[in-house]
Amino acid sequence: MTSSDLWDEETAATYDDASAQMFAPGVLDPAVDFLARLADGGPALEFAIGTGRVAVPLAARGVPVSGIELSRPMVDQLRCKVSAREVPVAVGDMATTVVPGRFSLVYVVWNSIGNLRTQDEQVECFRNAARHLSPGGRFVVELWVPGIRRFPPGQAAVPFAVSDRHVGFDTFDMVTQQGTSHHYRRLDDGSARYASSNFRYIWPAECDLMARLAGLTLERRLADWSGAPFTSDSESHVSVWRKPLDASDED
């Protein structure tokens, strides 16, 4: 077991509704388009596949998609959408779990690599991605850039969502790179529900070093799935690393 939080049945049952904004076509379609182009007809493997927000529409594009997911309840929710034949999933952590075959594309989206809360586990995640890639295959990570610049001395938290239905903020430990996302959601009956999740934040340059340790090379880095340039003001990045064409299949 890794240091990741384990999504329970209650969280899994409400996950899609709580994340409805991430299912909006303007958010989801560019990600699926991007990944389908990179897969180029080859098979894809999603780390932390969850309830299949990305995997299900990607598979509908004709891309053979497999997954790895730590939470059995999240997989149960995925099974309400597609069968195990359509999208096979191994229950386990994305740092060490190995599935059969080699893939043209391995990907992890929406900051999920941060669920691994130690640097060692994050390094092993990159190595596990490389292990599953065919020569010339690509590893894609969608990850936010830590909002430390918005964290003046004495401030305890950085907000990331403020609406009449949801208030969310992150607290950080600058020494350990540990963080916690705090969510307060207003329910239909007027009551509020609190939930939290823990993470370890990673800088883009740190990702590049992890990739290098895994034998992968940075191919490109964008600010988002639509291809906006990555700049010093970008709050997120979509990074693509490639396994060398001359790498052996055993690497």
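What comes next is a walk through the structure. Since the model is a prediction, treat every value here as computed from it, not as a measurement.

Calculation criteria
- Residues numbered from 1 in each chain as written.
- Predicted model: local features only at pLDDT ≥ 70, side-chain atom pairs only at ≥ 80, totals over all residues.
- Heavy atoms only, no water.
- Pairing = 2+ DSSP bridges.
- Helix = DSSP H or I, 4+ residues; strand = E, 2+ residues; numbered from the N terminus.
- Axes fitted to C-alpha atoms, helices over the stretch in contact; angles between N-to-C directions.
- Expected span 1.5 Å × (residues − 1).
- Buried < 20%, exposed > 50% of the residue type's maximum accessible area, 1.4 Å probe, protein only.
- Parallel < 35°, antiparallel > 145°, perpendicular 65-115°, else oblique.
- Left-handed = near helix turned anticlockwise from the far one by under 90°.
- Contact = heavy atoms within 4.5 Å.
- Nonpolar A, V, L, I, M, F, W, Y, C, P; charged D, E, K, R; others polar.

Glancing now at the pairing of strand 8 (residues 178–186). Pairing analysis gives eight bridges linking strand 7 (residues 166–173) to strand 8, with the strands arranged antiparallel. By the bridge assignment for strand 8, His166 is matched with Arg185. Direction of pairing for strand 8 relative to strand 9 (residues 192–200): antiparallel, over a ladder of nine bridges. Paired with Tyr184 across the bridge in strand 9 is Tyr194. Remark: five residues form the turn of the hairpin made by strand 8 and strand 9, two consecutive strands paired antiparallel; Gly190 in that turn has positive phi of roughly 90 degrees.

Attention now goes to the sheet that holds strand 7. Spatial ordering of the open sheet is given by 6-7-8-9, a layout of four strands whose pairing is antiparallel. Bordering the open sheet on either side are strand 6 (158–162) and strand 9, each of which pairs with just one other strand. Adjacent strand axes in the sheet meet at a mean angle of 15 degrees when their direction is disregarded.

In an α-helix, one full turn covers 3.6 residues, which means residues spaced three or four apart are oriented alike. Here helix 5 (residues 119–132) contains 14 residues, and its C-alpha end-to-end distance of 20 Å stays within 8% of the 20 Å for a straight helix at 1.5 Å per residue. Listed in full, the buried residues belonging to helix 5 are Glu121, Gln122, Val123, Cys125, Phe126, Asn128, Ala129, Ala130 and His132.

Turning our attention to the packing of helix 1 (residues 9–18) against helix 4 (residues 72–79). Orientation of helix 1 relative to helix 4, taken along the N-to-C sense of each, is 40 degrees, at an axis distance of 8 Å. With respect to helix 4, the axis of helix 1 lies oblique. Between helix 1 and helix 4 lies a crossing of right-handed hand. Mapping the contact onto sequence places Glu9, Ala12, Ala13 and Tyr15 in helix 1 and Pro73, Met74 and Gln77 in helix 4. In terms of residue class, the contact of helix 1 with helix 4 is made up of five nonpolar, one polar and one charged.

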